[in-house]
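Results of the structural survey
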Amino acid sequence: MNTRVSFIGLGIMGSPMAGHLLAAGYPLTVYNRTAKKTESLAEQGAKVAETPAEAVRDADVVISMVSDTSDVEQVLLGDQGVITTIQPGALVIDMSTIDPAASQTIYQQFQARQVDFLDAPVSGGDVGAINATLTIMVGGDDAAFQRALPVFDCLGKSTTHIGASGAGQICKACNQILVASNVMGVCEALGLAAANDIELKPLVEALGGGAAQSWQLDNLGPAIIDNQLDPGFMIELLAKDLRIVKEALEKAGTVADSSNRAKQLFDDLAAQGDGRLGTQALVKAYEQLGNVKIRR
Ligand code: NAP
């Protein structure tokens, strides 16, 4: 394969994603701030760079997968960032979850250098990254989207071009509103059932067969009942995403009921030291506030 890909950010998500691109035959260069995390990909044949700038000097396609808005700005636009060495004609794809407005600004900066830019945040968690079954929500120009499709096909099972630059991040914010309000609903419902001494496992099965069925109920309901609070998706990342949601809702001037309440609850859990538990640990707040025992 001739398309040279550079991957920046080898965390829980980035590491398996970069591995899929290498396995698909793309010549791959990687950069990670903590160098140790590059070792396994280097053993599989990836080139390792010392800075984002060095990583992308000859790249056709660059993918960033780092934590928050300021981190993306640093690796893409900073002193040793992608923008300092990227060649005109290249394509940069940011797959992190960040502020949609910041994403649009980054798009403009790359456009000014004749470099294409897509925002392409994902849903599906670490399992989706490992199994290459991510849902990918893309904002940007159609020609850039078409060009990126073969790369997306290595990473996900469902890729949608949502609209212009920033639309992928808006879609991800919508996704997080639904995720957060859904897990709140699961905890609220389980609290009511537990307070009425109802056996919770059959209750979850019954609810899962009807109109209340959801991924959160099917997967997090049983985990909550069994007191399994290890992350799939960490509270501190959802709290970060709900900050982005809040800013986007304020900018749009639309209603922010459930996501405001969710932000408050998840921020409180993070502040009390539970930020690295899974989002199902929201049950702790519902048990405390409702004076009810939900977990076995
Ligand atoms: P993670 O495991 O914490 O990895 C974050 C990565 O970003 C690491 O490689 C880290 O480098 C790098 N990084 C952070 N700040 C940096 C900076 N200022 N300069 C250079 N590198 C920096 O996080 P993750 O779970 O992979 O998440 C990555 C993105 O995907 C986030 O935006 C997250 O919201 C989104 N996401 C995550 C999930 C999930 O289930 N985990 C699901 C969907 C979307 P170091 O190794 O040096 O720390």
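These figures come from a predicted structure and were not determined experimentally. (Residues numbered from 1 in each chain as written. Predicted model: local features only at pLDDT ≥ 70, side-chain atom pairs only at ≥ 80, totals over all residues. Heavy atoms only, no water.)

Description of the overall build of the protein
Formally: Only runs of H or I of at least four residues qualify as helices and only runs of E of at least two qualify as strands under DSSP, and these elements are numbered from the N terminus. Partly exposed describes any residue whose relative accessible area lies between the buried limit of under 20% and the exposed limit of over 50%, with all areas from a 1.4 Å probe on protein chains only and scaled to the type maximum. Throughout, a contact is declared for two residues whenever any of their heavy atoms are within 4.5 Å. By the counting rule applied here, Lys and Arg register as positive and Asp and Glu as negative, while His and the ends of each chain are not counted. Note on charges: their place is set at NZ of Lys, CZ of Arg, CG of Asp or CD of Glu.
Within the protein, the regular secondary structure consists of 13 helices and 9 strands. In the protein, which comprises 296 residues, the share counted as buried stands at 50%. Look at the contacts in the protein between residues 6 or more apart in sequence, and 65% of them connect residues 24 or more apart. Each charge class in the protein can be summarised by its mean position, and for the 22 positive and 34 negative side chains these summaries are 3 Å apart.

Topic: helix H10 (residues 215–225)
Owing to its 3.6 residues per turn, the α-helix aligns residues three or four sequence positions apart on the same side. Within H10, burial applies to Gln216, Leu217, Leu220, Gly221, Ala223, Ile224 and Ile225. Residues of H10 that are buried make contact with helix H8 (167–195), helix H9 (200–208) and helix H13 (283–290). Taken from the residues just after H10, Asn227 is the one with a positive phi, measuring 55°.

Quick word on the pairing of strand S6 (residues 116–119)
Here is the rule we go by: What makes two strands pair is DSSP finding at least two bridges between them. The crossover handedness rule: strands pointing away from the viewer, path from first strand over the helix to second strand clockwise, crossover right-handed.
The pairing of strand S5 (residues 91–94) with S6 spans 4 bridges and is parallel. By the bridge assignment for S6, Asp94 is matched with Asp119. Crossover connection from S5 via helix H5 (residues 100–111) to parallel S6: handedness right-handed.

Quick look at the site of the ligand
Short version of the rule: Here a residue is considered near a molecule or strand provided that any single heavy atom belonging to it is located within 4 Å of it. The term polar contact refers here to a pair of N or O atoms within 3.5 Å; inside protein, the definition further demands a hydrogen-donor-capable atom paired with an acceptor-capable atom, and it admits residues adjacent in sequence only when both atoms are side-chain atoms. Residues are grouped as follows: nonpolar covers Ala, Val, Leu, Ile, Met, Phe, Trp, Tyr, Cys and Pro; charged covers Asp, Glu, Lys and Arg; every other residue, Gly included, is treated as polar.
Taken together, 25 residues sit near the ligand, with Ile12, Asn32, Thr34, Lys37 and Ser67 positioned nearest. One nitrogen or oxygen atom from the main chain of Ser67 is found 2.8 Å from an oxygen atom belonging to the ligand. Of all elements in the fold, only helix H4 (69–77), helix H6 (125–131) and helix H11 (235–252) reach the threshold of two or more residues within the shell around the ligand. Here the shell around the ligand is built from residues that sort into 9 nonpolar, 9 polar and 7 charged.

Some words on the packing of H8 against H10
Just so we agree on the cut-off: Every axis in this analysis is a line fitted to C-alpha atoms, fitted for helices over the stretch in contact. Angles between the N-to-C directions lie between 0 and 180 degrees. Just so you know how the angles are binned, under 35 degrees is roughly parallel, over 145 roughly antiparallel, 65 to 115 roughly perpendicular, and the rest oblique. A clockwise turn of the near helix away from the far one marks a right-handed crossing, whereas an anticlockwise turn of less than a right angle marks a left-handed crossing.
Remark: H8 packs on H10, axes separated minimally by 10 Å, with the N-to-C direction vectors making an angle of 45°. As the angle between them shows, H8 and H10 are arranged oblique. Note that H8 runs across H10; the crossing there is right-handed. Residues Val179, Asn182, Val183, Val186, Cys187 and Leu190 of H8 lie in contact with H10, whose contacting residues are Gln216, Leu217, Leu220, Gly221, Ile224 and Ile225. Tallied by class, residues from the contact of H8 with H10 come to 9 nonpolar, 3 polar and no charged.

Details of the domain arrangement of the protein
Rules: For the purposes of this description, domain bounds are those given by an automatic or database domain assignment. By definition, a salt bridge exists where a carboxyl oxygen of Asp or Glu is found within 4 Å of a side-chain nitrogen of Lys or Arg.
What the domain assignment reports for the protein is domain 1 (5–164) and domain 2 (170–290). Each of domain 1 and domain 2 was reduced to a C-alpha centroid, and the two centroids are 29 Å apart. Each partner contributes residues to the interface: domain 1 has 15 residues there, and domain 2 has 12 residues. At the boundary of domain 1 and domain 2, one finds 1 salt bridge. As a salt-bridge pair, Arg243 and Asp68 come within 3.0 Å of each other at their nearest N and O atoms. Counting across the interface, domain 1 meets domain 2 through 4 residue pairs in polar contact (both at pLDDT 80 or more).

Brief notes about the side chain of Thr85
Structurally, Thr85 can be placed in the loop between H4 and S5. Polar side-chain contacts of Thr85 include one of 2.6 Å to the backbone oxygen of Ala53. With near-sequence residues (within four places) excluded, Thr85 lies in contact with Ala53, Val56 and Arg57.

A closer look at the packing of aromatic side chains
Note the following rule: Two rings belonging to Phe, Tyr or Trp (six-membered ring only in the last case) form a pair when the distance between their centres is within 6.5 Å. Interplanar angles under 30 degrees mark stacking, angles over 60 mark edge-to-face geometry, and anything in between is tilted.
For the structure shown, the criterion picks out 2 aromatic pairs. A centroid spacing of 5.8 Å and a plane angle of 10° characterise the contact between Phe110 and Phe117, whose relative ring orientation is stacked. Each member of the pair, Phe110 as well as Phe117, carries the same accessibility label: buried. Consider the rings of Phe145 and Phe152, whose centres lie 6.4 Å apart with planes at 40°: the pair is tilted. Judged on exposure class, the residue Phe145 and its partner Phe152 are both buried.

What to know about the pairing of strand S4 (residues 61–64)
Residue alternation in S4 divides its side chains into two sets, Val61 and Ile63 and Val62 and Ser64, and both sets are buried. Bridge analysis of strand S1 (residues 5–8) against S4 gives 4 bridges, and the strand direction is parallel. Following the sheet pairing, Phe7 is matched in S4 by Ile63. Across 4 bridges, the pairing between S4 and S5 is parallel.

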